[in-house]
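Here are the chains, one letter per residue:
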Amino acid sequence: METLFSGIQPSGIPTLGNYIGALKQFNEIQHDYDCFFCIVDQHAITVPQDRLKLRENTRKLAAIYLASGLDHEKVTLFIQSEVPAHIQAGWILTTITSIGELERMTQYKDKAQKQSQGIPAGLLTYPPLMAADIVLYNTNIVPVGDDQKQHIELTRNVVDRFNSKYNDILTKPSIHMPKFGARIMSLQDPTKKMSKSDDNQKNFISLLDEPNVAAKKIKSAVTDSDGIVKYDKENKPGISNLLVIYSSITSKSIEELEAQYEGKGYGDFKGDLAEEVKKFLITFQEKFNYFYENKEVLDEILDKGRDKASFVANKTLKKMENAMGLGRKR
Ligand code: ATP
Ligand code: MG
């Protein structure tokens, strides 16, 4: 069976974008792969985080992974900082990555620009740590949203570089993106991606938003003035984004939705979508509460995940260190 790895940062509460672009696909393909799902808290600290909030978001993210339908008997769910091999392998890969290629990453450029207290170096060296996350598990596929495409490309290049310089040790991963919904856009600015770390709450729907609040955010989402419910990403980014959200949470196709709202205005369309989002969140949050409130169950899953992940990761790390001549040979 091939191996799948993916991670989400506890940098806030996951949004509908994270659900549609990542969590939903994890759920759909979990039985086809040996799966490792990681709460990447060491990536989250590449921008400033509050200590208590980070802890809380980490637990919430674990419960959100499970509420999305992951089978915890089968998949490995764990916290990055609890498996030190990630940082160790990350350092190794940092030494074979050039500053030039890191400076070209759009995530770095976007996030660096928002830092008021100087740019943390970790924001620049994020991709080799992400490459380490992936290669430690001999990963074949990485299901992610469109925004991570560039980082996966870099990972593939770094793997080639490592393998040609040292021994052919690392597995080269492929990206896996959903056909629809790989980039859910901000509700107030549909030319920007929806992000959980956005300062403006109106831009995103968090999976733990109070359902009525989420419904209001949908109703006040920015659209256009021509009043036709039609998918046209270039000219109607707002409506197109809402159509993708609608389709993803109801499994009605875009075409069906366009037909359903032919001759109707945005009011009807947004009103119905707001109801669907509300229904979706109510069901999701019931499942979330079960795992979040059962502290012992959650801890047991994360302990088991840490042990299994460490076992696999340490084996790959050892091979990497040996290949490079680090430490003593034993
Ligand atoms: P942050 O703002 O802290 O970077 P984020 O919302 O971008 O948060 P990440 O933890 O960086 O979330 O990414 C988790 C997963 O969600 C990744 O697979 C990423 O590609 C996916 N993802 C992030 N934003 C979107 C989006 N707007 N649409 C679809 N997928 C997304
Ligand atoms: Mg992100």
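What counts as what
- Residues numbered from 1 in each chain as written.
- Chains lettered and ligands numbered in written order.
- Predicted model: local features only at pLDDT ≥ 70, side-chain atom pairs only at ≥ 80, totals over all residues.
- Heavy atoms only, no water.
- UniProt positions renumbered as here; feature names shortened; annotations may be inferred.
- Helix = DSSP H or I, 4+ residues; strand = E, 2+ residues; numbered from the N terminus.
- Rg over C-alpha atoms; globule rule 2.2 N^0.38 Å.
- Buried < 20%, exposed > 50% of the residue type's maximum accessible area, 1.4 Å probe, protein only.
- Areas by Shrake-Rupley, 256 points an atom, 1.4 Å probe, with all protein chains shown as cover.
- Lys, Arg positive; Asp, Glu negative; His and termini not counted.
- Charge placed at Lys NZ, Arg CZ, Asp CG, Glu CD.
- Near = heavy atom within 4 Å.
- Polar contact = N/O pair within 3.5 Å; in protein donor to acceptor, adjacent residues only side chain to side chain.
- Contact = heavy atoms within 4.5 Å.
- Pairing = 2+ DSSP bridges.
- Right-handed = clockwise from strand over helix to strand, strands pointing away.
- Salt bridge = Lys/Arg side-chain N within 4 Å of Asp/Glu carboxyl O.
- Core = buried A, V, L, I, M, F, W, Y, C linked by side-chain atoms within 4.5 Å.

- As annotated in an unreviewed UniProt entry, the chain carries the name Tryptophan--tRNA ligase and is attributed to Mammaliicoccus vitulinus.
- What the UniProt record of the chain gives under Function (unreviewed entry) is the line "Catalyzes the attachment of tryptophan to tRNA(Trp)."
- Its UniProt record, at the heading Subunit (unreviewed entry), says of the chain: "Homodimer."

1. What about the overall build of the chain?
Then comes step 1: If you tally the helices and strands in the chain, you get 14 helices and five strands.
Then comes step 2: Expected size for 330 residues packed as a compact globule is a radius of gyration near 20 Å; at 21 Å, the chain falls within 12% of this value.
Then comes step 3: By its C-alpha atoms, the chain is 75 × 45 × 40 Å across when sized along the principal axes.
Then comes step 4: The buried share of the chain, reckoned over its 330 residues, is 52%.
Then comes step 5: Total accessible area on the chain is roughly 15,700 Å²; 49% of this is exposed by carbon and sulfur atoms.
Then comes step 6: Averaged over its 44 positive side-chain charges, the chain has a centre that lies 5 Å from the centre of its 44 negative ones.

2. Overview of the site of ligand 1
Then comes step 1: Every one of the 22 residues lining ligand 1 counts as a neighbour, but Ser 11, Lys 111, Lys 193, Lys 196 and Ser 197 are closest to it.
Then comes step 2: One of the side-chain N or O atoms of Ser 11 is found 2.6 Å from an oxygen atom in ligand 1.
Then comes step 3: In this structure, a nitrogen atom belonging to ligand 1 sits 3.3 Å away from a main-chain N or O atom of Gly 17.
Then comes step 4: Secondary structure elements with two or more residues in the shell around ligand 1: β1 (3-8) and α1 (16-29).
Then comes step 5: Ranked by residue count, the leading element in the shell around ligand 1 is α1, at four residues.

3. Here's the deal with unusual backbone geometry
Note on backbone geometry: most residues besides glycine have negative phi, and most peptide bonds are trans.
Then comes step 1: Phi is positive for Asn 138, which is not a glycine, with a value near 55°.
Then comes step 2: Within the secondary structure layout, Asn 138 lies in the loop between α8 (126-135) and β4 (141-143).
Then comes step 3: When its relative accessible area of 29% is taken as the criterion, Asn 138 is described as partly exposed.
Then comes step 4: Unusually for a residue other than glycine, Ser 251 sits at a positive phi of about 60°.
Then comes step 5: For Ser 251, a relative accessible area of 69% translates into the label exposed.

4. Considering the UniProt feature "binding site: L-tryptophan" (unreviewed entry) in the chain
Then comes step 1: Mapped onto the present numbering, the UniProt feature "binding site: L-tryptophan" (unreviewed entry) falls on Asp 133.
Then comes step 2: Mapped onto the elements of the fold, Asp 133 is located in helix α8.
Then comes step 3: What Asp 133 contacts, discounting residues up to four positions off in sequence, is Phe 5, Val 40, His 43, Gln 80 and His 86.
Then comes step 4: In this structure the side chain of Asp 133 is engaged in a polar contact, spanning 2.8 Å, whose partner is the side chain of His 86.

5. So, the pairing of strand β2 (residues 34-39)
Each regular strand shows side chains that alternate between the opposite faces of the sheet.
Then comes step 1: In terms of burial, β2 is a largely internal element, five of the six residues being buried.
Then comes step 2: Two strands pair when backbone bridges link them, and β1 and β2 are joined in this way by six bridges, in the parallel orientation. Among the inter-strand pairings, Ile 8 is bridged to a residue of β2, identified as Ile 39.
Then comes step 3: Following the chain from β1 across α1 to the adjacent parallel β2, one finds a crossover that is right-handed.

6. Structural notes on the pattern of salt bridges
Then comes step 1: Under the counting rule described, the total for this entry stands at 17 salt bridges.
Then comes step 2: A salt bridge links Lys 308 to Asp 34; the shortest N-O distance between them is 3.8 Å. Of this pair, Lys 308 sits in helix α14 (residues 295-324) while Asp 34 sits in strand β2, and the two are 274 residues apart along the sequence.
Then comes step 3: Taking relative accessible area as the criterion, Lys 308 reaches 37% and is therefore assigned partly exposed.
Then comes step 4: Notably, a salt bridge pairs Lys 236 with Asp 226, separated by 2.6 Å at the nearest N-O pair. With Lys 236 in the loop between α10 (211-219) and α11 (237-250) and Asp 226 in the loop between α10 and α11, this pair connects stretches of sequence that are 10 residues apart.
Then comes step 5: Look at Lys 236 and you get buried, because its relative accessible area is 6%.
Then comes step 6: Among the ionic contacts, a cluster of salt bridges with common partners joins Lys 53, Glu 56 and Lys 60.

7. A short note on the nonpolar core
Then comes step 1: In this structure, Leu 16, Phe 37, Tyr 65, Leu 207 and Val 277 are the most contacted members of the largest nonpolar core, which totals 60 residues.
Then comes step 2: The dominant element in this core, judged by the number of residues it contributes, is helix α13 (residues 266-293), at 10 residues.
Then comes step 3: Sequence-distant contacts of Phe 37, defined by excluding residues within four places in its chain, comprise Leu 4, Ser 6, Phe 26, Tyr 65, Leu 70, Val 75, Thr 76, Leu 77 and Phe 78.
Then comes step 4: Counting residues in hydrophobic clusters, the runner-up holds 40 residues, among them Val 47, Leu 102, Leu 123 and Leu 124.

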